[in-house]
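# Descriptive structure summary
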Amino acid sequence: MARAGDQPPQLSPAKTAAQAGLVDIRTLVPDIAEDIKYAGSDNFVGRPVNGYLAPKCLLLRPAAEALTRVERDLRVQHYRLKLWDCYRPARAVADFVRWAHDPADQRTKAAHYPDLDKSKLLGDYIAPVSGHSRGATVDLTMERCAADGTHCAPLDMGTGFDWFGVRAHTDAPGIGAEQHTNRLLLRSAMEHEGFQNYALEWWHYTLTPEPTPQMLYDVPVQ
């Protein structure tokens, strides 16, 4: 989880998304594909995460507008984005850390961290401060669509979302040529609009420069 600058982050006093300047991406792209993982149980903790009261993608407006441009450019090429996570409340990050400190809960090991001991997830994968809480980071993949924009199917990226291990590194050795090409397609599309990839997670991108690099938000997603 990337951190910004050397100054300690501040927690915003905002109590609502509007006060924080967060907007729903679907106010800009009403039909963008979403599968907001932490609002349900199909995720590495195996349950809805604290702070996710609705399956929505909220972002600070500059990030939402940049993501809208990525989606627009991809649709011309018969591709689309599919969003898994966007703004993440600070309380959700704390929920992740509590889960990581519970060695007895191994329900999702086979699906998300088969090659790692759970204790190894703290640090590179689960940190007490997440860039997602700054409102300009997204987790996402790409789909290929028919010429008329229908019948979209996900590209093969080599792992699913939140697969913890070397295979999920963007330039991981040992993945197939098509899988690597697909990851580079996503990276190129995102970089074109100013998003930077986190090298340990092919799905993780942050708008740079960040609109509020030292500010964390904790309003619920609802």
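Residues numbered from 1 in each chain as written. Predicted model: local features only at pLDDT ≥ 70, side-chain atom pairs only at ≥ 80, totals over all residues. Heavy atoms only, no water.

This next bit is on the state of the cysteines. The tally for this structure, following the rule as stated, stands at 2 disulfides. Through a disulfide, cysteine 57 is tied to cysteine 86; the S-S separation comes to 2.0 Å. Of note, the bridge from cysteine 57 to cysteine 86 carries an S-S torsion of about -100 degrees and is left-handed in sense. With cysteine 57 in the loop between strand E3 (33–34) and strand E4 (58–60) and cysteine 86 in the loop between strand E5 (79–85) and helix H3 (90–100), the pair connects residues that are 29 residues apart, well separated along the chain. Relative accessible area serves as the criterion here: at 0%, cysteine 57 is assigned to the buried category. Between the sulfur atoms of cysteine 145 and its disulfide partner cysteine 152 the distance amounts to 2.0 Å. Its S-S torsion of about 105 degrees marks the bond between cysteine 145 and cysteine 152 as right-handed, since a negative value means left-handed. By relative accessible area, which is 9% here, cysteine 145 ends up buried. Looking at cysteine 152, the relative accessible area reads 26%, which means it is partly exposed. Each disulfide of the chain joins two cysteines, and with those cysteines numbered along the sequence the arrangement is 1-2, 3-4. (Disulfide = S-S within 2.5 Å. Helix = DSSP H or I, 4+ residues; strand = E, 2+ residues; numbered from the N terminus. Buried < 20%, exposed > 50% of the residue type's maximum accessible area, 1.4 Å probe, protein only.)

Let us look at the packing of aromatic side chains. In total, this model carries 13 aromatic pairs according to the counting rule given. A ring pair is formed by phenylalanine 44 and phenylalanine 96, whose centres lie 4.8 Å apart and whose planes are at 55 degrees; its orientation type is tilted. Of this pair, phenylalanine 44 sits in the loop between E3 and E4 while phenylalanine 96 sits in helix H3, placing them 52 residues apart in sequence. The same class applies to phenylalanine 44 and to phenylalanine 96, which are both buried. Taking the centre distance of 5.2 Å and the plane angle of 50 degrees together, the rings of tyrosine 125 and phenylalanine 164 count as tilted. (Phe/Tyr/Trp six-rings, centres within 6.5 Å; stacked < 30°, edge-to-face > 60°.)

This part is about the environment of proline 89. For proline 89, the position within the fold is in the loop between E5 and H3. Placed 131 residues apart in sequence, proline 89 and proline 220 show a C-alpha to C-alpha distance of 6.1 Å.

It is worth spelling out helix H5 (residues 177–191) at this point. In this model, H5 (15 residues) spans 21 Å end to end at C-alpha, consistent with the 21 Å of a helix rising 1.5 Å per residue. Within the span of H5, buried status applies to Gln179, Asn182, Arg183, Leu186, Ala189 and Met190. In an axial view of H5, the angular spread of the buried residues amounts to 130 degrees, which keeps them on one side of the axis. The inward-facing, buried residues of H5 contact helix H2 (61–76), E5, strand E6 (137–144), strand E8 (195–198) and strand E9 (201–207). (Expected span 1.5 Å × (residues − 1). Arc of directions from axis to C-beta. Contact = heavy atoms within 4.5 Å.)

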